[in-house]
Amino acid sequence: MRRSGELLLPVTLLALTASLVAAPLSAQSGAVPRTAAGHPDMNGIWQALGNAHWDIEPHTARPALAMQPGPVIPVPADEVLSLGAVASVPSGYGVVEGGEIPYTPEALATRDENRAEWLERDPEIKCYLPGVPRATYMPFPFQIFQSDQRVAIAYEYAAAVRDIYLEDPGEAQVDSWMGQSFGRWEGDTFVVRVDGFNGESWLDRAGNFTGYGTTITERYTMLGPDHIMYEAEVQNPETFTRPWTIRMPLYRNIDPNARLGQFKCVEFVEELLYGEFRKHPIRRGGGR
Amino acid sequence: MIDDRSPRVIGASARAVVTLFAAAALVMAAAPEYAFAQARASLPRLADGTPDLQGNWSNGTMTPIVRPAGVGPVLTPEQVEALEQGRQDFISEDYLDSDPDRGAPPAGGELTGDPIFDAATGGTGGYNQFFVDAGDNIAVYNGEYRSSLIVHPADGRRPAYSAFGEERLAERLAFNRQFNEYDNPENRPLAERCIMSFGSNGGPPMLPNYFYNNNYTIVQTPDHIMIMTEMVHDTRIIRMGEPRRLPEHIRPWMGDSWGHWSGDTLVIETTNLHPEQVLMGMSNATFYPSEKIRVIERLTRVDESTINYEFTIQDPIFTDEIRGEVPFNRLDGLLYEYACHEGNYALENVLRGARAEEARERNENVPERR
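Residues numbered from 1 in each chain as written. Chains lettered and ligands numbered in written order. Predicted model: local features only at pLDDT ≥ 70, side-chain atom pairs only at ≥ 80, totals over all residues. Heavy atoms only, no water.

### Observations regarding the overall build of chain A
For step 1, the next point in the chain: A tally of regular secondary structure across chain A gives six helices and 11 strands.
For step 2, the next point in the chain: A burial count over chain A gives 50% of its 288 residues as buried.
For step 3, the next point in the chain: In chain A, the proportion of contacts linking residues at least 24 apart, taken out of those at least 6 apart, comes to 60%.
For step 4, the next point in the chain: Approximately 13,200 Å² of chain A is accessible, and the part contributed by carbon and sulfur atoms is 57%. (Helix = DSSP H or I, 4+ residues; strand = E, 2+ residues; numbered from the N terminus. Buried < 20%, exposed > 50% of the residue type's maximum accessible area, 1.4 Å probe, protein only. Contact = heavy atoms within 4.5 Å. Areas by Shrake-Rupley, 256 points an atom, 1.4 Å probe, with all protein chains shown as cover.)

Encoded structure:
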């Protein structure tokens, strides 16, 4: 499966380049808004559609992320049972080029542990910063602020924010959740190198991760006024056998009244994180 | 158009101009008198002609929000030199190696006399100057050395509460009295919970916290101004144009902000602040805004390295409005990610400590506190 995927890769790339990038650009380039300096103008509110935030690999729908053994087949774990179908995982055909993430055997074992320990380990459950590229396809919008001097992205989820430096700041001085971003234009594609990650963030709710020492190379290419093709190449030889890429379109929210909501979420997880330390805990005998 | 200048306020401005001229003779001898006008003419501008406010900025300063007793609104160069030297001495002293033979500090720590540093457990070694970047200079605004950031009321202090304000305060205090301060996470300050910065860096108004990270990044487009606050990575998104206000019950932490250009000044008007928001923190003017609060901010780039930031707070909890002036100075450096919540061991341990204390008081099997 993986082998055939690799063989298909150049063909797929070629096809994508032809069908998604070159053709729409030639057909619609007049429709791409531009800044005063002539770069594609990405200002606006964007969002990914689909189910990559559940699992970036192809997956069938399943009852829940947290499961427990049942008499016949596994059933949803107690912690999520009362949510019923709201906690069920919708299917997705994946955003990973080639279908599967090329983990090393050790990293794959960690991913599987992450998946089994989802409730304990997923940073999203604790409202931690999402990292890159996860921030892009969280089920929340984000807003790009772009002038010819500066670019920043504010994400609704967790009030995450990135200042994308347009001059190379050199090696990141400290590790961080969102990494250090350096962006430059390659023709009409905005290419952002992101590194300096602390290695704690995940890629989705299915335990996929990148590990410490990761470099992400994002490519934002406007296909028209309301669509961006987003790619993120993931490199980390400690975790993966080769660099690999996710790709998905981003959609502009064209509602003239659209605006980012506020979802700090820190205040929403206090009971989960600190409830047991109340003077009078609400839950009795329940752990985290 | 927003008109926040009542006749009374214009009168105050006129008096301020007189004060400025008087002070100019003392403190601006070296500054060419045409400097401001000339600087404004050559201000960096965007393609749409608006002044370029973009970049990294800091409002860190030694000048407190509230004017200390016994000083006028403008300090003399001699006063400034003494204050700034005092700060440098304090910092140098803190950088000295500790005496390896010293004993344990007294309970509560060795107080340094700097109330904010002491409150942040500097006296017990919680923070030292390595971590602190409180602002080492007195604020210079329009060439004046300022003794407080509040410029109105004229005494530089928070105005008295109105009857409405007293009522609100009494309600809040009555609510708070149901709890002890360490009972629940919700009883702790917003900063300790990593919800908002201590002080009110995000605001509005955006004020220094007198401790660290008083840094901002501004990105400007014709439709939006984004102001990213380093503390707790709070990001304000200011929409330009005719306000289309959020419904009354939707109250983001930093409110609903709309901006427009008035000449070369960016004017931002904010309503819909969160009911639990706290403003003018790290000062003895701290207050909980009412749902009726309106904050007007004016940002004017006056030269290559300075934005003049004015704010007006109108809230019927007070008998008067509050106006302030704060210089934002260009920051030649990058902002860090302040991932507060992700590393918040303090909140858990503060609560755990309180529970341990209670257990000890119940004579349970908990080691005696030393």
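### Points about the interface of chain A and chain B
For step 1, the next point in the chain: Contact residues are listed per partner, giving 42 residues for chain A and 50 residues for chain B.
For step 2, the next point in the chain: Buried area between chain A and chain B, summed over both chains or domains, comes out near 3,800 Å², and the portion from carbon and sulfur atoms is 57%.
For step 3, the next point in the chain: Looking at the side of chain A facing chain B, the largest losses of area belong to R259(A), Y274(A) and F277(A), adding up to 19% of the total buried there.
For step 4, the next point in the chain: The tally of links between chain A and chain B comes to four salt bridges.
For step 5, the next point in the chain: E270(A) is paired through a salt bridge with R193(B); the nearest N and O atoms lie 2.7 Å apart.
For step 6, the next point in the chain: At the boundary of chain A with chain B, the tally comes to 22 residue pairs in polar contact (both at pLDDT 80 or more).
For step 7, the next point in the chain: Where the side of chain A that touches chain B is concerned, the elements lending two or more residues are β4 (142–146), β5 (151–155), β6 (161–165) and α6 (270–274) of chain A.
For step 8, the next point in the chain: Residue composition of the side of chain A that touches chain B, grouped by class: 23 nonpolar, nine polar and 10 charged. (Buried area = accessible area lost by both parts, 1.4 Å probe. Salt bridge = Lys/Arg side-chain N within 4 Å of Asp/Glu carboxyl O. Polar contact = N/O pair within 3.5 Å; in protein donor to acceptor, adjacent residues only side chain to side chain. Nonpolar A, V, L, I, M, F, W, Y, C, P; charged D, E, K, R; others polar.)

### Considering the pairing of strand β7 (residues 180–186) of chain A
On a regular strand, each side chain points to the face opposite its neighbour's, so the side chains alternate between the two faces of the sheet.
All names here are of chain A.
For step 1, the next point in the chain: Sheet analysis places β6 next to β7, joined by two bridges and oriented parallel. Across the sheet, residue Y165 finds its bridge partner in β7, namely F182.
For step 2, the next point in the chain: Between β7 and strand β8 (residues 189–195), which pair antiparallel and follow one another directly, the connecting turn spans two residues, one of which, G187, has a positive phi of 65 degrees. (Pairing = 2+ DSSP bridges.)

### Quick notes on the sheet that holds β6(A)
Residue and element names in this part refer to chain A.
For step 1, the next point in the chain: Strands sit in the order β1-β4-β5-β6-β7-β8-β9-β10-β11 around a closed barrel of nine strands; the barrel is mixed. Averaged over neighbouring strand pairs, the angle between their axes works out to 30 degrees when direction is ignored.
For step 2, the next point in the chain: Summarising the sheet, strand β10 (residues 227–235) and strand β11 (residues 244–252) pair through eight bridges and their orientation is antiparallel. Across the sheet, residue Y230 finds its bridge partner in β11, namely M248. (Axes fitted to C-alpha atoms, helices over the stretch in contact; angles between N-to-C directions.)

### Let's talk about unusual backbone geometry
Residues and elements named next belong to chain B.
For step 1, the next point in the chain: The omega torsion across H152 and P153 is 5 degrees, close enough to zero to call that bond cis.
For step 2, the next point in the chain: Cis geometry is found at the peptide bond from G203 to P204, where omega equals 0 degrees.
For step 3, the next point in the chain: Despite not being glycine, V232 has its phi angle at roughly 60 degrees, a positive value.
For step 4, the next point in the chain: Considering the arrangement of structural elements, one finds V232 in the loop between β6 (224–229) and β7 (235–240).
For step 5, the next point in the chain: When its relative accessible area of 5% is taken as the criterion, V232 is described as buried.

### Focus on the pattern of salt bridges
For step 1, the next point in the chain: Following the criterion strictly, the structure yields 44 salt bridges over all chains and no others.
For step 2, the next point in the chain: Note that R172(B) is salt-bridged to E276(B), the shortest N-O span being 3.4 Å. Note that R172(B) is positioned in helix α5 (residues 163–176) and E276(B) in the loop between β9 (265–271) and β10 (294–303), a separation of 104 residues in sequence.
For step 3, the next point in the chain: Residue class for E276(B) comes out partly exposed when judged on its relative accessible area of 39%.
For step 4, the next point in the chain: Ionic pairing is found between R323(B) and E321(B), a salt bridge with its closest N-O pair at 4.0 Å. Across the pair, exposure class does not vary: R323(B) and E321(B) are buried alike.
For step 5, the next point in the chain: Sharing partners across several salt bridges, the network here consists of D122(A), E124(A), R134(A) and R205(A).

### Here's the deal with the environment of P123(A)
Residues and elements named next belong to chain A.
For step 1, the next point in the chain: Counting through the fold element by element, P123 comes out in the loop between α4 (118–121) and α5 (134–137).
For step 2, the next point in the chain: Taking C-alpha positions, P123 is 22 Å from A172, a pair spaced 49 residues apart along the chain.
For step 3, the next point in the chain: Leaving out residues up to four positions away in the same chain, P123 has contacts with Y128, R134, Y157, W177, E200, S201 and W202.

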